[in-house]
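Chain by chain, the residues run as shown.
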Amino acid sequence: MSRQSDAILELDGVYLNYSAGKNHFSEGVHHVLEDVSLTLTEGETLGVIGRNGCGKTTILRLMGGIIAPTKGSVWQRPGTASALLSIGLGFRGDLSGRDNALLSAMMQGASRRHAMSFLEEIKEFSELGESFEEPVKTYSSGMRSRLGFTTALITHVDILLIDEVLSVGDAHFKNKAERAMRERLSGDQTVVFVSHADKQIESLCDRAIWINNGRIACGGETSEVVSAYRESIEKSNNG
Amino acid sequence: MTLSQYIRLIDVQAKFALKADASRYFLGYVWWILEPLLYVGVFYVVFNVILNSRHPDFLTFLMCGKLPFVWFSKSVITGSNAIVSNAGLIGKINVPKTLFPMARIQEGVYKQMAVFALLIAVVVINGYSPSWIWLWLLPVIALNYLMIVACAFVGAVLVCYFRDFSMIISLGMTFLMFTSGIFWDVRTLSDPALTELILNVNPVAFILDAYRQILMGGVAPDLGGMLRYALIFGMLAAGMVFIMRKLSQALALKALTA
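Along each chain, residues carry numbers from 1 onward, in the same order as the chain's sequence is written. Just so you know, chain letters begin at A and ligand numbers begin at 1, following the order they were written in. Per-residue local features of the predicted model are confined to residues with pLDDT of at least 70, and side-chain atom pairs are confined, for both listing and counting, to 80 or more; whole-chain, interface and lining totals are unaffected and use all residues. By convention in this description, side-chain values take in all heavy atoms of the structure and omit both hydrogens and water.

As recorded in an unreviewed UniProt entry, chain B goes by Transport permease protein and comes from Parahaliea aestuarii. UniProt positions are given in the numbering used here, feature names are shortened, and annotations may be inferred rather than shown by experiment. Under the Sequence similarities (unreviewed entry) heading, UniProt states for chain B: "Belongs to the ABC-2 integral membrane protein family."

An unreviewed UniProt entry annotates chain A as ABC transporter ATP-binding protein of Parahaliea aestuarii.

Given below as structure tokens:
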């Protein structure tokens, strides 16, 4: 298979299975993804839509090289960096927001000095105020998502893999976050954006795929994919 | 990730964890010294007061063995659970998996610096005079560290695949506590062949004995034994780094799903 010249990331016939818990026999095997192929080109914003548990987060983890496919291959253009942004997990509850932000930035490859330099920016954008110095375990879920989103936004990578980050937080912060996102998206940033919120996908993405039961049910123009997805939801609601 | 970034991250994670730990307890940093001392206290009461050990300087003897052992056992246990307990972070970013056990080990290193300072102070107060032989402590401590790293890496991979190993490792530490000559002297066993055997097959007994040889006996530890164990654990640690690099994504999947 020849690669498009502007391809930055490619999944080719990807399967992902795993056995959960102590059950190491075949009946315990979960089939999360089956035969998923897609190409991400430089500068585009790809939306991945689907219902809870359909394998959206798993696709992002495969794209980010966090896990490897059971079968098939994942190719990323050599020398590019990707980062997965998601809320909730990854914070240490007993550390302050400041320490967590520093740690996150360093994990993403920033040097300590570089990471220190944008801590104030994170504090300001996240609107956490004095809570920025408090342990994260005292945060509400909205505050956590603000910290997570802001920390992610500030760090710059070639491919941004975004997992439902915009789904929480109050209306004011959500608008602000969407504006900031749009600014990033209008540049040459390559983004994969995962959500079950069809409106966000529609407003942010050039192209979309719809994942259903671990397979690509539909892919192409965002509006077509989203309307096919809506139709199926309505069908299942009525049926 | 470059080596300097890797080292910096281990250090920052360890320091943050220590800070968070200290803020959680009323006695804060005092616990660094207090916890190992309480272990020593319990052993002292049981083996000297109740069971009457008849060792001329049981307190110094016990501290030379118990304090390095607590460092070893706590570091290996927490290091073994480090990958599994960081699943949240591992699901977000592809970093070398050795980073997590190494951070926990580094936490232990900072605490142990204070503990070793205390140990030296106690040894001096109890009438042992410092000599050039004490410089042997540096390679002994380095070997002790290498043992911790190798064992924690093996443990971390095993626990990732089968959580049950976390139980087995704790039990193994209790077994080592009884078999490594912490409250009894390997060198005064009735059968010298048994002494030889224990020092040759149990690296923990060997290293604890080395601390005592240096601090209490004023003699250098067995260089041949040091080199042999350094080679074994050095190769084991290097092999585990290689394996954990190969298995990086498989370990992530296990940590996330099992």
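The rest of the description comes next.
**Notes on the overall build of chain A**
When you go through chain A residue by residue, the secondary structure sums to eight helices and nine strands. Relative to the compact-globule value of 18 Å for 239 residues, chain A shows a C-alpha radius of gyration of 19 Å, a close match. Taken along the three principal axes of its C-alpha coordinates, chain A extends 50 × 40 × 40 Å. In this scheme, a residue with accessible area under 20% of its type's maximum is buried, one over 50% is exposed, and one in between is partly exposed, where area comes from a 1.4 Å probe on protein chains only. Burial status across chain A gives 49% buried among its 239 residues. Between two residues, a contact is recorded if the distance between any of their heavy atoms is within 4.5 Å. In chain A, of all internal contacts separated by at least 6 residues, the share reaching a separation of at least 24 is 68%. Per-residue accessibility takes into account occlusion by the displayed protein chains alone, with areas from the Shrake-Rupley method and a 1.4 Å probe. Carbon and sulfur atoms make up 47% of the accessible area of chain A, which amounts to about 11000 Å² in all. Charged-residue counts in this description rest on Lys and Arg as positive and Asp and Glu as negative, His and the chain ends being excluded. Each charge is placed at NZ for Lys, CZ for Arg, CG for Asp and CD for Glu. Charged side chains of chain A number 25 positive and 31 negative; the gap between the two group centres comes to 5 Å. Per the convention used, a helix needs a DSSP run of H or I reaching at least four residues, while a strand needs a run of E reaching at least two, with both numbered from the N terminus. It is over C-alpha atoms that the radius of gyration is taken, and the globule rule equals 2.2 Å times the number of residues to the power 0.38.

**Here's the deal with the nonpolar core**
Put simply, buried Ala, Val, Leu, Ile, Met, Phe, Trp, Tyr and Cys residues joined by side-chain atoms within 4.5 Å make one nonpolar core. Ranked by internal contacts, the top residues of the largest apolar core, which has 122 residues, are A:Met63, A:Leu147 and B:Phe72. If one sorts the elements of this core by residue count, helix H7 (residues 137–161) of chain B sits on top with 13 residues. Formed by 25 residues, the second largest nonpolar core is a distinct cluster that contains A:Phe125, A:Ala152, A:Ala177 and A:Trp210.

**Quick look at the side chain of B:Asn202**
Residue and element names in this part refer to chain B. Examined against the element boundaries, Asn-202 turns out to sit in the loop between helix H9 (192–201) and helix H10 (203–217). Looking at Asn-202, the relative accessible area reads 10%, which means it is buried. Counted as a polar contact is a pair of N or O atoms within 3.5 Å, where, for protein atoms, one must be capable of donating a hydrogen and the other of accepting one, and residues adjacent in sequence contribute only when both atoms are in side chains. From its side chain, Asn-202 meets the backbone nitrogen of Val-204 in a polar contact 2.9 Å long. With residues up to four places along the chain from it excluded, the contact list for Asn-202 reads Leu-176, Thr-179, Ser-180 and Tyr-229.

**Section: the UniProt feature "transmembrane region" (unreviewed entry) in chain B**
Residues and elements named next belong to chain B. Under the present numbering, the feature "transmembrane region" (unreviewed entry) in UniProt falls on residues 29–51, 109–128, 134–158, 165–184 and 226–244. As a span, residues 29–51 carries 91% helix and 0% strand, and end to end its C-alpha atoms are 33 Å apart. Note that residues 165–184 is 75% helix and 0% strand, and that its end C-alpha atoms are spaced 28 Å apart.

**Looking at the environment of B:Gly91**
Tracing the backbone shows B:Gly91 in the loop between helix H5 (87–90) and helix H6 (99–125). Spatially, the C-alpha atom of B:Gly91 lies 8.2 Å from that of B:Leu253, the residues being 162 residues apart in sequence. If sequence neighbours within four positions are ignored, B:Gly91 has contacts with A:Arg61, A:Ile66, A:Leu84 and B:Leu256.

**Brief notes about the packing of helix H2 (residues 97–107) of chain A against helix H4 (residues 119–126) of chain A**
Residues and elements named next belong to chain A. Interaxial angle, 0 to 180 degrees, is taken between N-to-C directions of lines fitted to C-alpha atoms, where a helix line uses only the stretch in contact. Two elements in contact, H2 and H4, have axes whose closest approach is 10 Å; the angle formed by their N-to-C orientations is 120 degrees. Regarding the angle of H2 to H4, the classification is oblique. Handedness of the crossing formed by H2 with H4: right-handed. Contacts between H2 and H4 involve Arg-98, Ala-101 and Leu-102 on the former and, on the latter, Leu-119, Glu-120, Ile-122 and Lys-123. Here the contact of H2 with H4 is built from residues that sort into four nonpolar, no polar and three charged. Every angle not falling under 35 degrees, over 145, or within 65 to 115 is termed oblique; those three ranges are roughly parallel, roughly antiparallel and roughly perpendicular. By convention, the crossing between two helices is left-handed when the near helix turns anticlockwise from the far helix through less than a right angle, and right-handed when the turn is clockwise. Each residue receives one of three labels: charged for Asp, Glu, Lys and Arg, nonpolar for Ala, Val, Leu, Ile, Met, Phe, Trp, Tyr, Cys and Pro, and polar for the others, Gly being one of them.

**Some details on the interface of chain A and chain B**
Listed as interface residues are 29 residues of chain A and, on the opposing side, 29 residues of chain B. Here B:Arg24 ties to A:Asp94 by a salt bridge, and the two come within 2.8 Å at their closest N and O atoms. Counting across the chain A and chain B interface gives five residue pairs in polar contact (both at pLDDT 80 or more). Looking at the side of chain A that touches chain B, the elements with two or more residues in it are strand S1 (7–19), strand S5 (82–86) and H2 of chain A. Looking at the side of chain A that touches chain B, the element that brings in the most residues is H2(A), giving five residues. Taken together, the residues that form the side of chain A that touches chain B break down as 14 nonpolar, ten polar and five charged. Any Lys or Arg side-chain nitrogen found within 4 Å of a carboxyl oxygen on Asp or Glu counts as a salt bridge.

**Description of the sheet that holds S1(A)**
All names here are of chain A. Two strands are counted as paired when DSSP detects at least two bridges linking them. Read from one edge to the other, the open sheet built from three strands follows the order S2-S1-S4, with strand pairing classed as antiparallel. The sheet is open, and its two borders are formed by strand S2 (29–41) and strand S4 (71–76), each paired with just one other strand. Pairwise comparison of adjacent strand axes, ignoring direction, gives a mean angle of 15 degrees for this sheet. Inspection of the sheet shows S1 paired to S2 by nine bridges, in the antiparallel sense. Looking at the pairing, Leu-11 lines up with Leu-38 of S2.

**A few points about the sheet that holds strand S9 (residues 215–221) of chain A**
Residues and elements named next belong to chain A. Here we have six strands laid out as an open sheet, ordered S5-S6-S7-S3-S8-S9, and mixed in their pairing. Two strands lie at the open edges of the sheet, namely S5 and S9, each paired on one side alone. Averaged over neighbouring strand pairs, the angle between their axes works out to 15 degrees when direction is ignored. Across five bridges, strand S6 (residues 159–163) lies against strand S7 (residues 190–195) in parallel orientation. The residue of S7 that forms the bridge with Ile-162 is Phe-193.

**Notes on the pattern of salt bridges**
All told, the structure shown has 17 salt bridges over all chains when counted by the stated rule. In this structure, B:Glu107 and B:Arg104 form a salt bridge, with 3.3 Å as the shortest nitrogen-oxygen distance. With B:Glu107 and B:Arg104 both in helix H6 and three residues apart, this pair spans about one turn of that helix. Given the relative accessible area of 10%, B:Glu107 is considered buried. On the basis of relative accessible area, B:Arg104 is assigned to the partly exposed category, the value being 25%. Through salt bridges with shared partners, one network takes in A:Asp94, B:Asp21, B:Arg24 and B:Lys111.

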